[in-house]
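Structural features, examined
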Amino acid sequence: MSDGTDLKTAQAAKPKAYQVFRKLVGEVAVGITPLDDGKYGLKVNLTKAPEKGVQLPKQIEGVPVKVDVVGKIRKR
Amino acid sequence: MQLSSVQALKEELLSVPRSLVASVSESRSFRVFSARRETAARTIEGIALGVTKNGRDYKLAVRQQETGRLVSTMTEAIREHAKGEVDVRFIGKLAKLAGETSPAFYQAKRRPLRIGSSISDIQTGFISAGTLGCFVARRQSPHYLGMLTNNHVIANENGNAVGSPVVQQGTLDGGKKSTGLVGELGKFISLRASGVNFVDAAIGDLYDDVDFDPRRIGNLGNLTGQADVMTLPRLSTVYKVGRTTGQTKGRITAFDLDNVLVEYDLGDLRFDNQIEIEGTGNKAFSDAGDSGSLIVDDQLRAIGLLFAGGDEGGSNKKGLTYANPIEKVLDALKVDLEL
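These lines cover the structure that appears in this document, whether it is placed above or below. (Residues numbered from 1 in each chain as written. Chains lettered and ligands numbered in written order. Predicted model: local features only at pLDDT ≥ 70, side-chain atom pairs only at ≥ 80, totals over all residues.)

1. Points about the nonpolar core
Counting 84 residues, the largest nonpolar core has L42(A), C134(B), V296(B), I303(B) and L305(B) as the members making the most contacts within it. With six residues, strand β25 (residues 301-309) of chain B is the single largest residue contributor to this core. Look past the residues within four positions of L305(B) in its chain and what remains in contact with it is G133(B), L148(B), A201(B), L294(B), A323(B), N324(B), I326(B) and V329(B). (Core = buried A, V, L, I, M, F, W, Y, C linked by C-beta atoms within 7 Å. Buried ≥ 20, exposed ≤ 12 C-beta atoms within 10 Å, placed from the backbone. Helix = DSSP H or I, 4+ residues; strand = E, 2+ residues; numbered from the N terminus. Contact = placed C-beta atoms within 7 Å.)

As structure tokens, then:
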């Protein structure tokens, strides 16, 4: 992952990240993730791994993106 | 499978000759965790059988209470007999004496009531258990005290009427109206099948004669207040005590998380502005039945109310847990933490 950004920049990139990823892989959850460098990135959760050949962006509007395949979420 | 098919299969398996299954107990002590409702079950030695929901269908719930070749062999025989339509989990045996970090401590009857204890509503034909998150007081009338948990734990996803009984332990852990009644359903925030949800929250009005400890959290110390997750130091350590996994430690992997789609009986519900947590080390932060747990930071300030999770994802691949920000929960219910 590239260097993180400040919180406001990461938050501002959330809607764009949702739009871009939704087009590529369908419904996703998008949030803010704290990074080791003390800054922030975007976290994009997919329910399943993307189809072969689908290239996912590594950053959106300069904000690094961490992608996680999280499967089905259920009430606990 | 249809519910009737799973129930018939369970009865058939419980009638298998003693030589195959060692012995059959008619005990109804189905020591199984799941926020999803499961029908009351009986046990084969070392194994409990029940019925668990699988989307709109049902599966045979197989809960292993012991390890060993006999249990493994029986489990495989059951799996084959059920044509794979089984949900197998190892749950271990409950110890009579359990430390305050262990699941058994929270699954037992607890007076005074403790943060993390097993609670549920009462439903005919079903047993369930979730977690008592903490104690709250109404902003308008601070003498009123309630038990904070999820809507789906004591309000049955909007299905229960205000005033419905709340028991500790949850019925899945043996709680009964006659001996376990601690309060009744008070205010709850309705879950929305369409549109956006922010919290899955409900309060059980606490009866006057029930003793409770409003502050103690596992063996960590006393609850000190609340904090907004956005203001925490980055990569903060968090904790929870819950009915199924006891006291666990984790770290926040995301916040302000939108479009989290969570499977309920009502359908897949959307939640925005959520907190995501992973367990530390090689452990999950939560499991089914931990719903309603209060999540605290390393200063023992409340930050979230646990309500959902999955088995995949996270840096340790043990799955992720989701929580509503505590300030959203308290504001929605118009209550404050009772400290």
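Here the narrative resumes.
2. Some remarks on unusual backbone geometry
Residues and elements named next belong to chain B. With omega at 5 degrees, the peptide bond leading from R111 into P112 counts as cis. The omega torsion across Q168 and Q169 is 10 degrees, close enough to zero to call that bond cis. Mapped onto the fold, Q169 is located in the loop between β11 (165-167) and α6 (177-180). A positive phi angle is found at D256, which is not glycine, with a value near 50 degrees. For D256, the position within the fold is in strand β20 (residues 246-258). The backbone of K334 sits at a positive phi, close to 60 degrees, despite the residue not being glycine. Position of K334 relative to the elements: it lies in the loop between α7 (326-333) and β27 (335-337). The exposure class of K334 is exposed, given the 12 C-beta atoms found within 10 Å.

3. Topic: the interface of chain A and chain B
In this assembly, 23 residues from chain A lie in contact with 34 residues from chain B. Secondary-structure elements contributing two or more residues to the side of chain A that touches chain B are α2 (14-25), β1 (29-34), β2 (40-46), β4 (63-69) and β5 (73-75) of chain A. Of the residues contributing to the side of chain A that touches chain B, the split by class is nine nonpolar, six polar and eight charged. Relative to β25(B), β5(A) runs antiparallel, the two sharing two bridges. The residue of β25(B) that forms the bridge with R74(A) is G309(B). (Nonpolar A, V, L, I, M, F, W, Y, C, P; charged D, E, K, R; others polar. Pairing = 2+ DSSP bridges.)

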